[in-house]
Amino acid sequence: HLAPCRLQSNRHHPNERRQPVPPRDNGGSDDFHNQFLEMMKRVLPDIQVVSVPLDDIIHRIPYQIPYVPYVTPHGGTEALGWKVGDRWVCYYAPGDLGTAWGEDYGGVSEEVQEAALQLGTNVIFYSHENVRKKDSHKLRENIERPSFHE
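Everything quoted here is computed from the prediction, not taken from an experiment.

Caption draft 1: Just the overall build of the protein chain, in detail. Of the regular secondary structure elements, the protein chain holds three helices and three strands. Overall, the protein chain shows an N-to-C arrangement of helices and strands of α-β-β-β-α-α. Taking all 150 residues of the protein chain together, 31% fall into the buried category. Total accessible area computed for the protein chain in this model is approximately 10500 Å², and 51% of it derives from carbon and sulfur atoms.

This is the structure:
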């Protein structure tokens, strides 16, 4: 079960004097990394964060990920995850994958961009395949794997 969270709203009556909520780092630094890990302790207080090994199913299907792409550093050097039972409920990449998904590729090589797109695809694929499955370890091994640069 998940602990209830209180969300703080920035909306208030125009006549009410309030201190602004301090901005949070939105990525690209160790501050984001630390803030994210702290927030996950609040969201999943009874679940320990663990390293996600490269041979895990989330790194193998539909694309074999030989390394976790590191685009824009925001702390840490390895993929982390939170598992409930045998299912990943949260996946955390060590660098901002979304930066490599943009039109300018975040200034990374085509190889790193391709790896970032493939990893993002794997995470989405994993979540869709596991939403209704009892046996989440039985993902389809033989599916077509298009290149993002064709």
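Caption draft 2: Highlighting the confidence of the model for the protein chain. When the pLDDT values of the protein chain are averaged, the result is 75; 65% of them are 70 or greater. Summarising per-element confidence for the protein chain, the mean pLDDT is lowest in helix H2 (residues 97–101) (81) and highest in strand S1 (residues 50–51) (96). Within the model, the stretch residues 1–25 combines pLDDT values under 50 with 14 contacts to residues more than four positions away or in other chains. Contacts for the low-pLDDT stretch residues 135–143, under 50 throughout, to residues beyond four places or in other chains number 17 contacts.

Caption draft 3: Fine view of the pairing of strand S2 (residues 80–84). As paired strands, S1 and S2 are joined by two bridges and run antiparallel to one another. Counterpart to Val 50 in the pairing with S2 is Gly 81. The antiparallel pairing of S2 with strand S3 (residues 87–92) creates a hairpin that spans two residues between the two strands, and Gly 85 there sits at a positive phi of about 65°.

Rules behind the numbers
- Residues numbered from 1 in each chain as written.
- Predicted model: local features only at pLDDT ≥ 70, side-chain atom pairs only at ≥ 80, totals over all residues.
- Heavy atoms only, no water.
- Helix = DSSP H or I, 4+ residues; strand = E, 2+ residues; numbered from the N terminus.
- Buried < 20%, exposed > 50% of the residue type's maximum accessible area, 1.4 Å probe, protein only.
- Areas by Shrake-Rupley, 256 points an atom, 1.4 Å probe, with all protein chains shown as cover.
- pLDDT = per-residue confidence, 0-100.
- Contact = heavy atoms within 4.5 Å.
- Pairing = 2+ DSSP bridges.

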